[in-house]
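Summary of the model geometry
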Amino acid sequence: MKKLCALCGKTSAALLYLCCMAEDLTIITGSKAEIYRSLIPQIKGLLDGEPDLIANLANVSAALKEQFGWLWVGFYLVKNDELVLGPFQGPVACTRIKKGRGVCGAAWQNAETLIVPDVEKFPGHIACSSLSRSEIVIPLIKNGEVIGVLDVDATELDQFDETDRTNLEQIILLIPIS
Ligand code: SME
């Protein structure tokens, strides 16, 4: 039988159900694939039943930053034909990026994930932080249109690979976009 959460009223099959109770992320060590295997169900849990885009982007940024310790993890959202800074974790960042500019603007223009092993070799890279050495940007797509991007920066060269691409793309697909 389904139970109502004692705090917020959401339903679940659990016996004692406090879905909005504060919960710590379980941080593990291991291969990237193992880490994503542990993290993805936890991200699903964080997003479950929550329709608010900003709340969900904030928690996804925090979960990725906490588990991987990357320099910068966050979102830019398309507003009036520009990318505007959204929820993020890390140092302060550029607030607006035009289509086609930098790694984020290129991922938006091409509607595809970009992996940049060395940001200094990417023509037009926008250096929000001088500490960034490599980067991955994944577009958020709704009805065939890019509505934002997930941007991740690392302090070391060549930190992102196909495992990150497939898993981060999977994580992005979990976010409900109304
Ligand atoms: N480096 C990005 C700009 C955003 S920051 O890294 C947070 C780019 O070239 O688009």
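Overview of the structure.

Conventions and cut-offs
- Residues numbered from 1 in each chain as written.
- Predicted model: local features only at pLDDT ≥ 70, side-chain atom pairs only at ≥ 80, totals over all residues.
- Pairing = 2+ DSSP bridges.
- Helix = DSSP H or I, 4+ residues; strand = E, 2+ residues; numbered from the N terminus.
- Axes fitted to C-alpha atoms, helices over the stretch in contact; angles between N-to-C directions.
- Contact = placed C-beta atoms within 7 Å.
- Near = placed C-beta within 6 Å.
- Nonpolar A, V, L, I, M, F, W, Y, C, P; charged D, E, K, R; others polar.
- Expected span 1.5 Å × (residues − 1).
- Buried ≥ 20, exposed ≤ 12 C-beta atoms within 10 Å, placed from the backbone.
- Arc of directions from axis to C-beta.
- Core = buried A, V, L, I, M, F, W, Y, C linked by C-beta atoms within 7 Å.

What follows covers the sheet that holds strand β6 (residues 114-116). The strand order across the open sheet built from 6 strands is β5-β4-β3-β8-β7-β6, with neighbouring strands paired in antiparallel fashion. Since the sheet does not close on itself, it has two edges, and those belong to β5 (96-98) and β6, each with one partner. Shown here is a sheet whose adjacent strand axes are inclined to one another by a mean of 25°, direction ignored. Contacting β3 (72-79), β4 (82-89), β5, β6, β7 (134-142) and β8 (145-154), helix α3 (residues 102-110) runs over the sheet at an angle of about 35° to β7. Relative to β7, helix α4 (residues 162-174) is tilted by about 35°, and along the sheet it contacts β6, β7 and β8.

Here we come to the site of the ligand. With respect to spatial proximity, 15 residues lie near the ligand, and among them G102, V103, C104, I126 and C128 are the closest. Listed by contribution, the elements that provide at least two residues to the shell around the ligand are α3 and β8. Of the residues contributing to the shell around the ligand, the split by class is 8 nonpolar, 4 polar and 3 charged.

For the rest of this paragraph, the subject is α4. Taking 1.5 Å per residue as the helical rise, α4 with its 13 residues ought to reach 18 Å, and the 19 Å between its terminal C-alpha atoms agrees with that figure. By the burial criterion, the buried members of α4 are D164, L168 and I171. Buried residues along α4 cover an arc of 55° about the axis, so they all sit on one side. Facing away from the buried side of α4 by over 90 degrees, the exposed positions are E162 and L173. The inward-facing, buried residues of α4 contact α1 (32-47), α2 (53-68), β7 and β8.

On to the environment of A106, then. In this fold, A106 is placed in helix α3. C-alpha of A106 to C-alpha of P139: the two residues are 33 residues apart in sequence and 9.9 Å apart in space. Those residues in contact with A106 that sit more than four places away from it in its chain are G100 and L114.

One finds C104, A107, V137, V149 and L150 to be the most contacted residues of the largest nonpolar core, which totals 34 residues. Take this core: its biggest share by element is 5 residues, from α3. Once residues lying within four places of it in the same chain are set aside, the contact partners of V149 are F75, Y76, L83, C104, A107, W108, V137, I138, P139 and L140.

Further remarks concern unusual backbone geometry. A negative phi angle characterises most non-glycine residues, just as the trans form characterises most peptide bonds. Of note in this structure, A111 is not a glycine but carries a positive phi near 50°. Here the phi dihedral of D158 falls at roughly 55°; this positive angle occurs in a residue that is not glycine. Positionally, D158 belongs in the loop between β8 and α4. Residue D158 is classed as exposed on the basis of its C-beta count, with 12 C-beta atoms lying within 10 Å.

A separate point is the pairing of β3. Pairing between β3 and β8: 6 bridges, direction antiparallel. Residue pairing in the sheet places V73 in a bridge with V152 of β8. The pairing of β3 with β4 spans 6 bridges and is classified as antiparallel. Its bridge partner lying in β4, G74 is registered against F88. Two successive antiparallel strands, β3 and β4, enclose a turn made up of 2 residues, where N80 displays a positive phi of approximately 50°.

Any link to function would need more than the numbers given here.
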